[in-house]
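# Observations on the model geometry
Take a look at the letters that make up each chain.
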Amino acid sequence: MSELRDKLIAAARAMRPAGLNRGTAGNLSVRCGDGFLITPTGMPYDALEADDIPLMAIDDSADGSFSGHRKPSSEWRFHRDLYASRPEVGAVLHAHSPFAVTLACLRRAIPPFHYMIARFGGDTVRCADYALFGTPALSAAALAAMAGRRGCLLANHGLLVAGRDLDEAFALAVELEELCEQYWRACQLGEPVLLDAVDMAAVMDKFSTYGQQ
C-alpha cells in the first residue's frame, strides 16, 4: 500500500506542471482493495508524505469513515460513489484547471467540435448541474453527468475524470483541459463547425480498437 500511496503523491504533484491545478485545489484518488486512497484536504501536494494519505471505505454504510491521521479531501463523496457504482474505475481526478473552469462557469457542455471528444465516451462532454462542493447533491449531479462517460465538467467548479488507473486518469484530465482550451479558442473566432452523429459514431467505433488493447 505504501507504493500506491507514493504513486498517488507523484501524480498529485504532477498536476501543477501539467497545468491542471494550483495551490491545494483539486483532488486525486486510487482504488485500493475494498477501499480507496485519496489526497487529504487542504494540504499542498509538495508537502505530502505517504502517511498523510487517508484510506477510505467504498461501502456507503461507512459514510465518510477513514483511517489515517489526515482528513480526506472534502470531495471524497463523488470519488467514493464513482468507485461504488463503476467497478471499472480505478482512479478519479478532479481539478480546477483554467479552461475547464471557464467553460464550467458558463455551464456549457463541450459539443463534438473535435473528434477527440469521443475519448470521453460519447459525442459531448456534459456539464453537471451546480451543487455545493462536498455534498451528496454534487456527487449525484457528477454521477449523472458521468453516466456512460469518463469525464465531465462541474458547473462553476472544474473538471472530473475517471480512468482505469492513475496514469489513464491523469492523461484524461490533461486531454480534457486541452479540449476545453481548444474549444474556447475556436469560439473566439466564431461558431465551431460540429461533427454530426454519424461522424462521431464512426470515431467511437474506431476508438474501440485503437492503441494497445
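This report concerns the structure included in the present document. Small disclaimer: the values here were computed from a predicted structure and weren't measured. (Residues numbered from 1 in each chain as written. Predicted model: local features only at pLDDT ≥ 70, side-chain atom pairs only at ≥ 80, totals over all residues. Heavy atoms only, no water.)

### Here's the deal with helix α1 (residues 2-14)
Stated formally: Numbering of helices and strands runs from the N terminus, with a helix taken as a DSSP run of H or I at least four residues long and a strand as a DSSP run of E at least two residues long. Here, expected helix span is obtained from the residue count minus one, scaled by 1.5 Å. Accessibility here uses a 1.4 Å probe with only protein chains present; expressed as a share of the type maximum, an area under 20% marks a residue as buried, one over 50% as exposed, and anything in between as partly exposed. What the arc covers is the set of directions going from the helix axis to the C-beta atoms. Contacts were defined at the residue level, with two residues in contact if any of their heavy atoms lie within 4.5 Å.
The end-to-end C-alpha distance of α1 is 19 Å, a good match for the 18 Å that 13 residues give at a rise of 1.5 Å each. Of all the positions in α1, only Arg5, Leu8, Ile9, Ala11 and Ala12 are classed as buried. The buried side chains of α1 occupy one side of the element, clustering within an arc of 165° when seen end-on. Residues of α1 that are buried sit in contact with β1 (27-32), β2 (35-38), β3 (55-57) and α5 (166-189).

### Some remarks on the nonpolar core
Let me state the cut-off plainly: Joining through side-chain atoms within 4.5 Å is the link that ties buried Ala, Val, Leu, Ile, Met, Phe, Trp, Tyr and Cys residues into a set, and such a set is a nonpolar core.
In terms of nonpolar packing, the biggest core is built from 44 residues, with Leu93, Ile110, Leu153 and Leu159 touching the most fellow members. Secondary structure elements with two or more residues in this core: α1, β1, β5 (91-95), α3 (98-105), β8 (158-163), α5 and α6 (197-207). The leading source of residues in this core is α5, at 9 residues. Those residues within four positions of Leu93 in sequence are excluded, and the remaining contacts are Met15, Asn27, Leu28, Leu159, Leu160, Val161, Ala169, Phe170 and Ala173. Grouped together as the second largest cluster of nonpolar side chains are 21 residues, Phe36, Ile38, Val92 and Ala162 included.

### Re a nonpolar patch on the surface
Basically, it comes down to this: Two joining distances apply to patches: 9 Å for like charges and 5 Å for nonpolar side chains (Val, Leu, Ile, Met, Phe, Trp, Tyr), and every residue must have over 30% relative accessible area and no salt bridge. Each accessible area is a Shrake-Rupley estimate made with a 1.4 Å probe; only the visible protein chains count as cover when residues are assessed. What counts as a salt bridge is simple: a side-chain nitrogen of Lys or Arg found within 4 Å of a carboxyl oxygen of Asp or Glu.
A cluster of nonpolar side chains, namely Tyr130, Leu132 and Phe133, defines an oily patch on the protein surface of about 340 Å² accessible area. Within the secondary structure, Phe133 is located in the loop between β6 (127-128) and α4 (136-145).

### Concerning the pattern of salt bridges
If you walk through the whole model with that rule in mind, you get 9 salt bridges. Here Glu88 ties to Arg86 by a salt bridge, and the two come within 2.9 Å at their closest N and O atoms. Arg150 is paired through a salt bridge with Glu168; the nearest N and O atoms lie 2.8 Å apart. Separated by 18 residues along the polypeptide, Arg150 in the loop between α4 and β7 (151-154) and Glu168 in helix α5 bring together distant segments of the chain. Linked through salt bridges whose partners overlap, the residues forming this network are Asp63, Arg77, Arg80 and Asp81.

### Focus on the sheet that holds β7
Cut-off, in case you're wondering: Pairing between strands requires that DSSP locate at least two bridges from one strand to the other.
The sheet built from 8 strands is open, its strands ordered β4-β3-β2-β1-β5-β8-β7-β6 with mixed pairing. Two strands lie at the open edges of the sheet, namely β4 (66-67) and β6, each paired on one side alone. The pairing of β1 with β5 spans 4 bridges and is classified as antiparallel. Across the sheet, the residue bridging to Leu28 is Leu93, located in β5.

### Looking at the environment of Glu177
Heads up, the condition is: Polar contacts, as used here, are pairs of N or O atoms within 3.5 Å; protein pairs need one atom able to donate a hydrogen and one able to accept it. Residues neighboring in sequence count only if both atoms are side-chain atoms.
Looking at the secondary structure, you find Glu177 in helix α5. Judged by relative accessible area, Glu177 falls into the buried class, the value being 7%. For Glu177, the residues in contact, after removing those within four places along its chain, are Leu20, Ser97, Pro98, Phe99, Ala100 and Leu159. There is a polar contact of 2.9 Å between the side chain of Glu177 and the backbone nitrogen of Ala100.

### Describing the packing of α1 against α5
Helix packing geometry: the angle between the two helix axes and the distance between the axes. Quick reminder of the rule: To define axes, lines are fitted to C-alpha atoms, for helices over the stretch in contact only, and angles between the resulting N-to-C directions are given on a 0 to 180 degree scale. Any angle that is under 35 degrees is reported as roughly parallel, and any over 145 degrees as roughly antiparallel; angles of 65 to 115 degrees are reported as roughly perpendicular and all others as oblique. Ten residues, namely Ala, Val, Leu, Ile, Met, Phe, Trp, Tyr, Cys and Pro, are considered nonpolar, four, namely Asp, Glu, Lys and Arg, are considered charged, and the remaining ones, Gly among them, are considered polar.
It is at 11 Å that the axes of α1 and α5 come closest, and there the two elements cross at 10°. By the angle class used here, α1 and α5 are roughly parallel. Side by side, α1 and α5 meet where Lys7, Leu8, Ala11 and Ala14 of the first sit next to Leu166, Asp167 and Phe170 of the second. In terms of residue class, the contact of α1 with α5 is made up of 5 nonpolar, no polar and 2 charged.

### Describing the packing of aromatic side chains
Aromatic ring pairs are reported here in terms of the distance separating the ring centres and the angle at which the planes meet. Short version of the rule: Under the pairing criterion, centres of Phe, Tyr and Trp rings, with the six-membered ring standing for Trp, must be within 6.5 Å; the plane angle then separates stacked pairs below 30 degrees from edge-to-face pairs above 60, leaving the rest tilted.
Per the counting criterion, the structure on display carries 4 aromatic pairs. Measuring from ring centre to ring centre gives 5.1 Å for Phe36 and Tyr83, while their planes differ by 40°; the resulting arrangement is tilted. Taken together, the residues span a long stretch of sequence, with Phe36 in strand β2 and Tyr83 in helix α2 (residues 76-85) at a distance of 47 residues. Residue classification places Tyr83 among the buried positions, given a relative accessible area of 2%. Aromatic pair Tyr115 and Phe207: ring centres 6.4 Å apart, planes at 50°, arrangement tilted. A residue pair is termed long-range when its members are at least 10 positions apart, and Tyr115 in the loop between α3 and β6 and Phe207 in helix α6 qualify at 92 residues.

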